[in-house]
Every structure is written in C-alpha cells, then in structure tokens.
Amino acid sequence: MDYLKVLITVTKYFNVAYAGAMVGFLAWFIWLIANGYHYGAGMNPILAAATVISVLTVVFAALNIYVDELVKGARHSR
C-alpha cells in the first residue's frame, strides 16, 4: 500500500472519530444546558467545550484539505 492510500484510509477513520466526538459534544452541551449551565451561570464548561470543538474543526478541515489536494495532484500526474 502506498503512502497516499494509507493517508486516505487514516483520514477516513479520523473523520468518523471526529463525527463521534461532535455527537458527544452535542450530548454534553444538552446535558450542561439541562442542568442549568448557561450564560452567566458557570460558563467555563461551555467555553472549554466550544474551544475544543473549534480547534478540532480547524485541524480536521486542514487534514481533509491536505488529503484532497494530494489526491488531486496524484490524479493530474497520471
């Protein structure tokens, strides 16, 4: 298996893990809001979750763009 195929496979698994993490964060947000965490009342957990989500989104978007560009380059070089 060459490098590009391995990278594509790893990226697919990372995307599935990212989707699972987003579902987990959604459940956590719902739990926090249901238990009274909202603006002005203990914002730290919500801010921490929003920060983690933002960082994960940027990292995964960059990874997907990188892999997409590699795939495009490999297609055009054939």
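The structure we're discussing is the one just above.
Residues numbered from 1 in each chain as written. Predicted model: local features only at pLDDT ≥ 70, side-chain atom pairs only at ≥ 80, totals over all residues. Heavy atoms only, no water.

Draft legend 1. Helix H1 (residues 3-34), seen in detail. Taking 1.5 Å per residue as the helical rise, H1 with its 32 residues ought to reach 46 Å, and the 46 Å between its terminal C-alpha atoms agrees with that figure. Taken together, the buried positions of H1 are Leu-4, Leu-7, Thr-11, Tyr-18, Phe-25 and Leu-32. Looking at the buried side of H1, the elements it contacts are helix H2 (44-76). (Helix = DSSP H or I, 4+ residues; strand = E, 2+ residues; numbered from the N terminus. Expected span 1.5 Å × (residues − 1). Buried < 20%, exposed > 50% of the residue type's maximum accessible area, 1.4 Å probe, protein only. Contact = heavy atoms within 4.5 Å.)

Draft legend 2. A look at the environment of Glu-69. Positionally, Glu-69 belongs in helix H2. In this structure the C-alpha to C-alpha distance between Glu-69 and Ala-17, which are 52 residues apart in sequence, comes to 22 Å.

Draft legend 3. Broad picture of the pattern of salt bridges. Summed over all chains, the structure comprises 2 salt bridges. With its nearest N and O atoms 3.4 Å apart, the salt bridge here joins Lys-72 to Asp-68. Within this pair, Lys-72 and its partner Asp-68 are both found in helix H2, separated by 4 residues, close to a single helical turn. Since its relative accessible area comes to 36%, Lys-72 is described here as partly exposed. Measuring nitrogen to oxygen at the nearest pair gives 3.8 Å for the salt bridge that ties Lys-72 to Glu-69. One end of the pair, Lys-72, and the other, Glu-69, are both in helix H2, 3 residues apart, so they sit about a helical turn from each other. Connected through shared salt-bridge partners, Asp-68, Glu-69 and Lys-72 make up one network. (Salt bridge = Lys/Arg side-chain N within 4 Å of Asp/Glu carboxyl O.)

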